[in-house]
Amino acid sequence: TVSREFIDNLPKAELHVHLEGTLEPELRLKLAQKNHIDIGTTSLENLKATYQYDTLASFLAVYYSAMAVLQTEDDFYDLAFTYLKKARQNNVRHVEMFFDPQAHTSRGISFETVINGLSKAAKDAKEIGVDAQLVMCFLRDFSKESARKTLLAAEPYHEKILGIGLDSDEHNNPPLKFSTPFEKAVSSGYHITMHADVDQIDSIDHIKQALEVIGVERLDHGTNIVENPDLIKFACAHKIGLTSCPNSNKFLSQDMKNHEVKTLLDYNVKISINSDDPAYFGGFINDNYWAIAQTANLTQAQVVKLAKNSFDTAWISEKQKASYQ
Ligand code: ADE
Ligand code: ZN
């Protein structure tokens, strides 16, 4: 077995964390007061009582409505830097952080405000010993045209954005809906990944599209590939990273997917442990490692492998990888 101390001290990369999902109720209340935004209550306790969800759709409703308090460049900076300090405490050496520009531009916040605040925090993270990069996600329940425009808006900030992802409500929003913007993203030099949330109605079809047609380098969640031996082979052959999030799984699927993670480790699939939306699913990355290590009875070697996989599938040079471990 593995001690909490061992997990806490282990250097790791975090590859699946949504910055908007790091917005804690405390900061949400503070920003609501500062920006004079009515969020229905001024009590932390009452606010926390509204955090109720047990499916992807019911979670997303709370997640998007919470973002109303994010208004200025400083707000986005505070959001990201607050997370980055936590990441440092969790011994995260390198992080690739998702953000959802359309969730802000659709409510009248400019792309520039979002990217300037977040990228300044990423830059300042160097000073606290964290290498931080940004991955811009398209919202898959928005149109392909909206994704195209978002990619265009990002172009002047290309050097601040390492990759492109796809998130939000997966139901009836398959990867192929976004084949054109993802082709453009690849030809512009971005890395690409996509969510394949746990236990979706069309999980296997969506995973096939993402891997075989779009050509993603990673799958966010993606643990449903265990159901299909050909996909497991594909993931091994192409060193596809799977970014599993135990506490998120527990909330949204009532199952941490311990068995799936262990099976995929046995197959040598490059699976890692991440926090997804730590403010919503009860913990940062070390809490997620600890949760699965305990409930799945992971050996020290398995925990080390999960952390090694996080560096192996990070979008950094071999030299950089070696320097963190
Ligand atoms: N946006 C934030 N977290 C998400 C998740 N786990 N799945 C899909 N979209 C998300
Ligand atoms: Zn996610």
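Residues numbered from 1 in each chain as written. Chains lettered and ligands numbered in written order. Predicted model: local features only at pLDDT ≥ 70, side-chain atom pairs only at ≥ 80, totals over all residues.

A few points about the sheet that holds strand E4 (residues 163-167)
Inference 1: Within the open sheet, the eight strands sit side by side as E1-E2-E3-E4-E5-E6-E7-E8. Their pairing is parallel. Here the strands that pair on one side only, and so sit at the sheet edges, are strand E1 (12-18) and strand E8 (270-273). Put simply, the sheet's adjacent strands are angled 25 degrees from each other on average, direction ignored.
Inference 2: Pairing of strand E5 (residues 191-196) with strand E6 (residues 218-221) involves four bridges; the strand directions are parallel. Paired with Thr-193 across the two strands is Arg-218, which belongs to E6. (Pairing = 2+ DSSP bridges. Helix = DSSP H or I, 4+ residues; strand = E, 2+ residues; numbered from the N terminus. Axes fitted to C-alpha atoms, helices over the stretch in contact; angles between N-to-C directions.)

Regarding the UniProt feature "binding site: Zn(2+)" (unreviewed entry) in the protein chain
Inference 1: Look at the UniProt record and you will see "binding site: Zn(2+)" (unreviewed entry) annotated at His-16, His-18, His-195 and Asp-276. In sequence the annotated residues extend across 261 residues, while in space they remain close, none of their C-alpha pairs exceeding 11.7 Å.
Inference 2: Mapping His-18 onto the fold places it in strand E1.
Inference 3: Residue class for His-18 comes out buried when judged on the 27 C-beta atoms lying within 10 Å of it.
Inference 4: Setting aside residues no more than four positions away along its own chain, His-18 makes contact with Phe-98, Asp-100, Asp-276 and Asp-277.
Inference 5: Here His-195 lies in strand E5.
Inference 6: Assessed through the 29 C-beta atoms surrounding it within 10 Å, His-195 is described here as buried.
Inference 7: With near-sequence residues (within four places) excluded, His-195 lies in contact with Gly-165, Leu-166, Asp-167, Glu-170, Asp-220 and His-221. (UniProt positions renumbered as here; feature names shortened; annotations may be inferred. Buried ≥ 20, exposed ≤ 12 C-beta atoms within 10 Å, placed from the backbone. Contact = placed C-beta atoms within 7 Å.)

A short note on the UniProt feature "site: Important for catalytic activity" (unreviewed entry) in the protein chain
Inference 1: Mapped onto the present numbering, the UniProt feature "site: Important for catalytic activity" (unreviewed entry) falls on His-221.
Inference 2: Its place among the elements puts His-221 in strand E6.
Inference 3: Setting aside anything within four residues of it in sequence, one finds His-221 in contact with His-195, Ala-196, Asp-197, Val-198, Thr-243, Ser-244 and Cys-245.

Observations regarding helix H14 (residues 285-295)
Inference 1: Taken across its eleven residues, H14 has eight buried, putting it largely inside the fold.
Inference 2: Regarding H14, the residues found buried are Ile-285, Asn-286, Asn-288, Tyr-289, Trp-290, Ala-291, Ile-292 and Ala-293.
Inference 3: Where H14 terminates, the next one or two residues include Asn-297, which has phi positive at roughly 55 degrees.

As for the nonpolar core
Inference 1: Counting residues in each nonpolar core, the largest one holds 93 residues, and the members touching the most others are Ala-80, Met-97, Phe-99, Leu-118 and Leu-134.
Inference 2: When residues in this core are grouped by element, the largest group, seven residues, is from strand E3 (residues 131-139).
Inference 3: If we ignore the near neighbours within four places in the chain, the residues touching Ala-80 are Leu-19, Gly-117, Leu-118, Ala-121 and Ala-122. (Core = buried A, V, L, I, M, F, W, Y, C linked by C-beta atoms within 7 Å.)

Notes on the site of ligand 1
Inference 1: What surrounds ligand 1 is the set His-18, Gly-21, Leu-56, Tyr-63, Asp-167, Ser-168, His-195, Asp-197, Ser-248, Asp-276 and Asp-277.
Inference 2: Split by residue class, the shell around ligand 1 holds two nonpolar, five polar and four charged. (Near = placed C-beta within 6 Å. Nonpolar A, V, L, I, M, F, W, Y, C, P; charged D, E, K, R; others polar.)

Some points on the packing of helix H5 (residues 73-89) against helix H7 (residues 111-124)
Inference 1: One way to put it is that H5 packs onto H7 with a least axis distance of 7 Å and a crossing angle of 35 degrees. H5 and H7 meet at a crossing whose hand is right-handed. For the pair formed by H5 and H7, the contact residues are Glu-73, Asp-74, Asp-75, Phe-76, Tyr-77, Ala-80, Phe-81 and Leu-84 on the first element and Thr-113, Val-114, Asn-116, Gly-117, Leu-118, Lys-120, Ala-121, Ala-122 and Asp-124 on the second.
Inference 2: In the contact of H5 with H7, the residues fall into nine nonpolar, three polar and five charged. (Left-handed = near helix turned anticlockwise from the far one by under 90°.)

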